[in-house]
Amino acid sequence: MKISSGGWKVIAFAAVFAVGVGFAYRALNKEEKVPIYEPGDINPRLVDSSVIRTNTPHHVSDFSLLDQNGDTVTLKNVAGKIYVADFFFTTCGSICPKMTASMSRISEAFKDDPRIMLVSHTVDPETDNVDVLHKYAQEHGADAKQWLILTGDKKQIYELARKSYFAVLDEPSTEGPDFIHTENLVLVDEKGRLRGFCDGTDKKQVDNLIEDIRKLLEDYGN
């Protein structure tokens, strides 16, 4: 079939338009960034009153705890890493098994990437000593090279949850008035900044968190 000169112009225009749309779509997607969360961006019920009006950029505070192998872990161990943090306890029979399964999914998704880590904190360190956590880690395939499961001073752990990760609502738990029980997973970038929150019992939200990790990897170190 012979195409007129006018027809060729239409085809050429359509091709240029399609290419332009493709470039625009990729540019928009590339510009879609994972947000950086400051205390003022977060539900006030999750933010400790001592930091809610802080004007300086927020970063996770330093700590000193023990991992599942009994080794001391500080902020230096996760410096330069993108990681997901959560708070659990081994005797929890409700949300914690689902959260641990979600952490396992994240671990599996990035098992060959040394830039990604996971950090789980027990909120019941009196029960969850190193031996208990070592067994728990073995049961869930948590290699300390990628997935740290931490115990130690309860006050320090609770302050991390409330003042660094903003992972806990200011309401009493069914386990007691000062017991932390939260389903939140918190995404932290390699500079110690908060980049996302999700319900660790919700598969779709965890899927979205995994996608956010991939986006952070594209911009890693910048």
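Scroll up for the structure.
Below is a short write-up of the structure.

Basis of the calculations
- Residues numbered from 1 in each chain as written.
- Predicted model: local features only at pLDDT ≥ 70, side-chain atom pairs only at ≥ 80, totals over all residues.
- Heavy atoms only, no water.
- Pairing = 2+ DSSP bridges.
- Helix = DSSP H or I, 4+ residues; strand = E, 2+ residues; numbered from the N terminus.
- Axes fitted to C-alpha atoms, helices over the stretch in contact; angles between N-to-C directions.
- Contact = heavy atoms within 4.5 Å.
- Salt bridge = Lys/Arg side-chain N within 4 Å of Asp/Glu carboxyl O.
- Buried < 20%, exposed > 50% of the residue type's maximum accessible area, 1.4 Å probe, protein only.
- Parallel < 35°, antiparallel > 145°, perpendicular 65-115°, else oblique.
- Left-handed = near helix turned anticlockwise from the far one by under 90°.
- Nonpolar A, V, L, I, M, F, W, Y, C, P; charged D, E, K, R; others polar.

With respect to topology, five strands assemble into an open sheet ordered β5-β4-β3-β6-β7, the strand pairing being mixed. Edge positions in the open sheet fall to β5 (147-150) and β7 (194-199), since each of these has one partner strand only. Neighbour to neighbour, the strand axes of the sheet diverge by 20° on average, direction disregarded. Relative to β5, strand β4 (residues 116-122) runs parallel, the two being bridged by four bridges. Bridge pairing in β5 places histidine 121 opposite leucine 150. Packed on one face of the sheet, helix α2 (residues 96-109) meets β3 (82-88), β4, β5 and β6 (184-188) and runs near 165° to β3.

This brings us to the pattern of salt bridges. On inspection of all chains with the given rule, the structure shows nine salt bridges. A salt bridge links aspartate 189 to arginine 195, with the shortest nitrogen-to-oxygen separation between them at 2.8 Å. Judged by relative accessible area, arginine 195 falls into the buried class, the value being 9%. Among the salt bridges present, the one from glutamate 211 reaches arginine 214, with a minimum N-O distance of 2.7 Å. Here the residue glutamate 211 and the residue arginine 214 both occupy positions in helix α5 (residues 203-218), the gap between them amounting to three residues, near one helical turn. Looking at arginine 214, the relative accessible area reads 37%, which means it is partly exposed. A single salt-bridge network, built from bridges that share partners, covers Arg105, Lys203 and Asp207.

Orientation of α2 relative to α5, taken along the N-to-C sense of each, is 30°, at an axis distance of 11 Å. Viewed along their axes, α2 and α5 adopt a mutual orientation that is roughly parallel. The interaxial crossing formed by α2 with α5 has right-handed handedness. Touching Ser102, Arg105 and Ile106 of α2 are Lys203, Val206, Asp207, Leu209, Ile210 and Ile213, all from α5. Tallied by class, the residues present in the contact of α2 with α5 amount to five nonpolar, one polar and three charged.

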